[in-house]
Amino acid sequence: MTAAPPEVPTAPTAPAGVPVPDVLDDLRGWRLRPGVVASTLAGGLHLRGWNGSVTLEGSPALPALWRMLDGALRTGGAAGLAARAGDGTPLRAALCALIGQLHAHGMLVEEPAPPDGAPAGEWLLAVADRPAEAAAALAGARVEVRAADPGGPLASAAVRALARAGVPAVRARAAGGRGRVLLRATRADGAEWAVGAAVHPGGAFVTPAGGPARALADTAALAGRLGLGPLGPGSLGPGREPGHPPAGRALTALVAGGAVQRLLCAVAGLPDPASGDGGGPGQERPRFPLVLVAGERPPWSEYRPWPQGSPEPAPPPGTLAEALAGVAALGDERLGVVEPPLTGALPQLPVALAGCPAPGGGRLVAGAARADLARLDAVCRAAELRCGGAGVVVGAGPGHALGRALRRAALRLPAQGAAAAPWDPYRHAHPQARHWWGTLTQRLGVRAELRVTPLDAGGSAYRAVVRAGGRSGGRSGRLLGRAVEATAGDAAAFAVLAALVRVQAGTAEPAARHVVSPGGESCPLAVAGTVPAPWEDGSWAAGWWAEVAGREAGLHTALRELTGLRPRPWEPAGPGGHTVLAALRGCGFTALGGPVRTGPAGQGGPR
């Protein structure tokens, strides 16, 4: 039913002075997606679709305007509506504005529709950009459900889910553990897609869609990572005791439905279900493949990052946000390869600390000026320990890893020329060194001595060391912090930061086996993609980091010449190392190792 609105606003959603494109004449080739609903508001309208919603306000005529448009879209009356709304009229402008919002929020779909009886036709109308093409891809696909127990609960549930979508499937017996299935589809053009799934008493998962070999590899790796061994005939399964019930029907149906949805989306060319709203307007694609992990008692399911599932190494992180996405994936509580670094009850001032259980036992604590930078350092060091520790350097990309490796090697170099001399931050024009030195010695009351040494005659690199004691004629004591940077002031500032980290970690985590301190290698990531405010000079953290980042390439050149360090990509010796390396590469991280060529003093250890 159509009705003329009592009052038609000129343009209910267009900003003042911005013309609304005339899209009414082109409306006849479009239709509303199934599931689009409207709710009337006091002065407007709220529209909800499959992957978004929009609220339109500003006129009580909007509900009547919607009824006109809704009726035309559902009855094929777009041409009549265009004729009723004459060119240049307020009614036409209002309709065009409303149609523009429907397009912007994915609530309209272009004809043609899938033919009657097409696989998953109603669903494709709701989610696909070209439903007829997607339906044709599904109709032409051959689907197999392969399992060691083709008549088992999971395989049967997958076959039923495919049948409900209108996609016939053939069962096939395959090698592998019971409780696992491989859904395999071959399109008419020869392209192959597969999804692996498993349901065990201890949990369940669905792999990302990929090639058959990738899906099989992911299934085996995920089962091992989650501790879900293959179920042999009569096996109780991992962690089950006699009398413990098998996985429930609800969990089996959830996993089967999730696997079928991922497979059908891949075959039909739709966004993966794990990509939030399906890749709608403004939606960022996940940086890593995502695995659906599920369990019961109580029932739960969630998507978790699975960088090992990337067929190729991910590009190095270009920003700190991308590096932190890798930190979250590597430290994921269910699928990660290291324990997640958490701030917990650790102090966050004057420097931020993050800690986690260290591979091999004990605690690992990292510190930096900000908690996100501390978490990055903690994950890198934890990954190094998982890889064996000695001689392995992990970083968020080649540049970050090389910066860490060169600084470690330079810490062992002998001094060149003048001996290390006490360095007074209050007499040098470096605001960051002065700030952190005051925090250490005045705010925390630590008696310490700071010495800075040039590493070459040209002053292209400096090493700073902070030791306890050494003031008022006292002798220098234990090492608190050290750093290597391109200028004396930068080296002093980072060495004092390292001392602050060690002092705070000694109080908060006195039994920590590994303490990781910050360095300038993280500055390029910290400032990438950001523009410091005009007033953020070297006295501000962002301005200082930008200055350090600008000197990083020159420092690498100098330290390569001084140390002779030529690290090569690290190659693992055992299966555990391969797992960690695959996760690092999937996150865009880099692992460097020997054999290397170093300067006279050899390779330095981690800070």
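Before reading further, recall that the structure is shown in the block above.
Residues numbered from 1 in each chain as written. Predicted model: local features only at pLDDT ≥ 70, side-chain atom pairs only at ≥ 80, totals over all residues. Heavy atoms only, no water.

Participant: Just checking my understanding: could you explain the overall build of the chain for this structure?
Facilitator: Helix and strand counts for the chain stand at 16 helices and 22 strands. Look at the contacts in the chain between residues 6 or more apart in sequence, and 64% of them connect residues 24 or more apart. Here the chain has roughly 26,200 Å² of accessible surface; of this, 54% comes from carbon and sulfur atoms. (Helix = DSSP H or I, 4+ residues; strand = E, 2+ residues; numbered from the N terminus. Contact = heavy atoms within 4.5 Å. Areas by Shrake-Rupley, 256 points an atom, 1.4 Å probe, with all protein chains shown as cover.)

Participant: When you look at unusual backbone geometry in this model, what are you seeing that I'm missing?
Facilitator: Excluding glycine, a negative phi dihedral is what most residues carry, and trans is how most peptide bonds are arranged. Here Arg-297 and Pro-298 are connected by a cis peptide whose omega angle stands at 0°. By the element assignment, Pro-298 lies in the loop between strand 11 (290–295) and strand 12 (300–305). In this model, Arg-297 sits at a positive phi of 60°, which is unusual for a non-glycine residue. With respect to the helices and strands, the residue Arg-297 is situated in the loop between strand 11 and strand 12. What makes Arg-297 partly exposed here is its relative accessible area of 47%. (Buried < 20%, exposed > 50% of the residue type's maximum accessible area, 1.4 Å probe, protein only.)

Participant: What's the story with the nonpolar core in this structure? I'm lost.
Facilitator: Nonpolar side chains tend to gather and get buried jointly when the protein is soluble and globular. Counting residues in hydrophobic clusters, the biggest one holds 78 residues, and the most contacted among them are Leu-330, Leu-376, Leu-440, Val-466 and Phe-589. No other element matches the 13 residues that helix 13 (residues 488–508) contributes to this core. If sequence neighbours within four positions are ignored, Leu-376 has contacts with Leu-320, Ala-323, Val-327, Ala-396, His-400, Ser-522, Leu-525 and Phe-589. Counting 43 residues, the second largest nonpolar core, distinct from the first, contains Leu-154, Val-167, Ala-204 and Ala-256. (Core = buried A, V, L, I, M, F, W, Y, C linked by side-chain atoms within 4.5 Å.)

Participant: Quick question: what am I supposed to make of the packing of aromatic side chains here?
Facilitator: The description of an aromatic ring pair uses the distance of the two centres, along with the angle that the planes make with each other. Inspection of every chain in the model, using the stated rule, returns one aromatic pair. It is Arg-334 that lies over the ring of Trp-300; its NZ or CZ is 4.0 Å from the centre. (Phe/Tyr/Trp six-rings, centres within 6.5 Å; stacked < 30°, edge-to-face > 60°. Lys NZ or Arg CZ within 6 Å of the ring centre and 35° of its normal.)

Participant: I would appreciate a short explanation of the sheet that holds strand 15 (residues 393–395) in the present structure.
Facilitator: By way of backbone hydrogen bonds, the strands of a sheet pair with one another, either parallel or antiparallel. Strand order in this open sheet of three strands is 15-22-21, and the pairing throughout is antiparallel. Where the open sheet ends on each side, the last strands, each with one partner, are strand 15 and strand 21 (568–569). Summarising the sheet, strand 21 and strand 22 (residues 590–593) pair through two bridges and their orientation is antiparallel. Its bridge partner being in strand 22, Arg-568 is matched across the sheet by Gly-593. (Pairing = 2+ DSSP bridges.)

Participant: Would you take a moment to explain the pattern of salt bridges for this structure?
Facilitator: Side chains that carry opposite charge are capable of pairing whenever their charged atoms lie near each other. All told, the structure shown has 24 salt bridges when counted by the stated rule. Arg-408 is the partner of Glu-384 in a salt bridge, and the nearest nitrogen-oxygen pair spans 2.8 Å. One end of the pair, Glu-384, is in helix 10 (residues 371–386); the other, Arg-408, is in helix 11 (residues 398–410), and 24 residues separate them in sequence. Pair check on accessibility: Glu-384 and Arg-408 agree, each one buried. (Salt bridge = Lys/Arg side-chain N within 4 Å of Asp/Glu carboxyl O.)

Participant: What am I meant to see in the pairing of strand 13 (residues 352–357) here?
Facilitator: For a regular strand, the rule is simple: side chains alternate between the two faces of the sheet. With five of its six residues buried, strand 13 lies for the most part within the structure. With six bridges joining them, strand 13 and strand 14 (residues 363–368) adopt antiparallel strand pairing. Residue pairing in the sheet places Leu-353 in a bridge with Gly-367 of strand 14. Once strand 13 ends, the chain turns through five residues before running back antiparallel as strand 14, passing Gly-360 with a positive phi of about 95°.

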